[in-house]
Structures are given as structure tokens and as C-alpha cells.
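What follows is the residue order along each chain.
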Amino acid sequence: MRLVTVALRTRWLWLGAAVLVAALGGAATWVANRNYPGMRFIEYRMAQPLDTPTAIAAAPDGTIWFTIDLAAAIGRVHDGRLERLSLASSNVEPIGLGAGPDGSAWYTDNSARAISRITPSGEISSFPLGTPIVRLGRMAVSPEGAVWFAEATAYSITRLKDGEITRHVFESPRGDPYGVAVAADGTVWATLRSGNQLLHITTDGQINAFNLPKPAAAPSDIATGPDGSVWFIELRENRIGRLKDGVFEDYPVPGESPMLTGLAVAGDGAVWFGMLRSGRLGRVADGRIETFKLPREGARPCSLAADRSGNLWYADISGYVGMLPMRYARR
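Note that this is a predicted model, so its numbers are computed, not measured.

Thoughts on the overall build of the protein
Helix and strand content of the protein: one helix and 32 strands. Residues counted as buried form 57% of the 331 residues belonging to the protein. Relative to all contacts within the protein whose residues are 6 or more apart in sequence, the contacts with residues 24 or more apart total 44%. Accessible surface computed for the protein: about 14,000 Å², of which carbon and sulfur atoms make up 49%.

With respect to the pairing of strand 32 (residues 320–324)
For a regular strand, the rule is simple: side chains alternate between the two faces of the sheet. Counting buried residues in strand 32 gives five out of five residues, a clear majority hidden from the surface. Where burial is concerned, the two faces of strand 32 agree: the one with Y320, G322 and L324 and the one with V321 and M323 are both buried. Looking at chain direction, strand 5 (residues 40–45) and strand 32 are connected through four bridges and run antiparallel. Bridged to Y44 within strand 32 is V321. Across five bridges, the pairing between strand 31 (residues 312–316) and strand 32 is antiparallel. Note on strand 32: the bridge partner recorded for Y314 is G322.

Some words on the nonpolar core
Core analysis: the biggest nonpolar cluster contains 16 residues, and Y44, I56, F66, V77, L82, W313 and V321 have the highest contact counts within it. When residues of this core are traced back to their parent elements, those giving at least two are strand 5, strand 7 (64–69), strand 8 (73–78), strand 31 and strand 32. Sorting elements by how many residues they give to this core places strand 7 first, with three residues. If we skip the residues at most four places from it in the chain, I56 touches I64, W65, F66, L97, S303, L304, A305, W313, Y314, A315 and V321. Counting 15 residues, the second-largest nonpolar core is a separate cluster that includes F41, A266, A299 and Y328.

What counts and how
Residues numbered from 1 in each chain as written. Predicted model: local features only at pLDDT ≥ 70, side-chain atom pairs only at ≥ 80, totals over all residues. Heavy atoms only, no water. Helix = DSSP H or I, 4+ residues; strand = E, 2+ residues; numbered from the N terminus. Buried < 20%, exposed > 50% of the residue type's maximum accessible area, 1.4 Å probe, protein only. Contact = heavy atoms within 4.5 Å. Areas by Shrake-Rupley, 256 points an atom, 1.4 Å probe, with all protein chains shown as cover. Pairing = 2+ DSSP bridges. Core = buried A, V, L, I, M, F, W, Y, C linked by side-chain atoms within 4.5 Å.

This is the structure:
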């Protein structure tokens, strides 16, 4: 493992980004689910018909941020209203997103070959990565504001803090880093899809690799639970995996090729995930998997986040951001 630290100069892109409130006044729509009587979702339809919500994150102040693929904009739900904030240029595959302790959103900015940040007031800054090309995965922000992200082009799980980038270069030649999560103890977990490994980065920067028991699991999204469990998606196995106290176990997800994506651990310890091809959300609780069909035909949940109140949010690439309120999510 090699550590590479680079001091960066912030590039200010945009000040006071314009805010466009969604059509219909940004109002939410309550949608009942016929398959689960009494269960209701709240959904926000995109203001622009081609907008594709991609990644989603919950800020400590209650704001829900989401990226929009192939658009010069980022979105948020704030005080119950959908807002579209202009960016300087279009973003491509912005699958990395995290919310900082100050309510700002950090996101992977492939078009700018940078990591960018937008404050609640709309001020945008960019931190160039200094490479001619970039391929970036998921992102997580620690409680002290360190931004961690998967940087495939540098074979690294990378940290950005106070304008400095530190690359934690792993040894696997196959690599393909994707998921990133910050644990309660300050350590970082990540996935290598092609390498079929989990990585654990200690607070002093040491990398430990864990080979998955299934040789072609292709771990993708990853999250940590309050009990120290590390949860991850086994993409090719259609399973939700768990590593706890050095022991692996996994749970098969029903359905044929549901395309698991997005992973979030709620405050009650339940683990939620999206099923892109079947338009469902899944939950692992008490060792049992249950799935819930979203209330619209053609729904495609891509990323998930749990907010401070226990509500579950999802970015739906068919053009919606939705929420399953806590009182239904904890059933």
C-alpha cells in the first residue's frame, strides 16, 4: 500500500448558483402502494423531463441532496420542496455523493476531473484530481468532514481533507474500486468489484484486504451498521453480504436478476437496498429479507439514503426522488 498526498488549489466554479423550484411548486405527491395496504410513499417528480436522479445523500440539517446525470445541475429536497441548482457544466455518471457535517454536498465531478462541493447557499468549489482522465465510484463523508471516494484510475481509495488529497493505493491488480463507507470508529471500508475483495483502511492509513468466500461475487455498494457489521452487495450473486467479527455470511434476494444497487443502514439497524430491474426496495432485518414494490410501474431505484429521522430516501432513474416515511420503513 502506498500513500500519495497532493496539496490542491481550490478552483471556484460558481458563486450563488441559481435555484429552480420544481414544477407544481415543488410539492410532493403521496402515493399508496396497492401491495401493502396502509403503506405510503412520498415522491417528487423531476422538473425537467430528461433529468435522471443518480446518487442521493441525507445531510444533518435534513436536506436531501441528489445528483442528476448528464445535466448541469444538482438537486435537493429542502423543507419539503424540490429544488434544482445550476452547475457550471454537465456532469457524467455522478454516482459519488456525500453530505458534510455543515450541510454541504460533495460529489464526483467526472467532467471537471475533480471532486466538487456545493454549500447550502449555492456556492460551488472544485478540487481537481490532477489526472488526465478519471473514473470515480461512490463517496462517503466522515463526521469531521473528510471526503473519501473510490478512484479507479489511480487504483486508490482516496481522501480529501482541507484541500489535500491522500491516495491509499491498493495492491490488487484487478481492482475496480466502487463502494466506500466510513465506520463509526473512523475507519473506512471499500469494495473492489473485479478484485472480489473488501478493503479496510485504518485510521493510520494501513490497508487490509478481505477476499470474499464466493469467487465471483463482485461486491459493489457497501455500508456499516451500528453494531460494527459491514454490509455489502454481491452484485453477481444477487445477495446481501455481511462481515462481522471476521465472519462472512450472506442472504439471497428473491427474484431473477433484480440488479441490486444502493445500500443504506437505517437507525434501527435494518439494511435497505434497491432492486433496479424489479422496481423494488429490499430490507434485511432480524436475518430475514423482505421486498417492497414501488408504487409506479417502471420505477428504477438506483441509490438509497436514510435521514436523521429514520426515513428512507431513494433516487429513481426513471425521474423521481422518493421517500418511505419512518413509520412504514420500520414495519
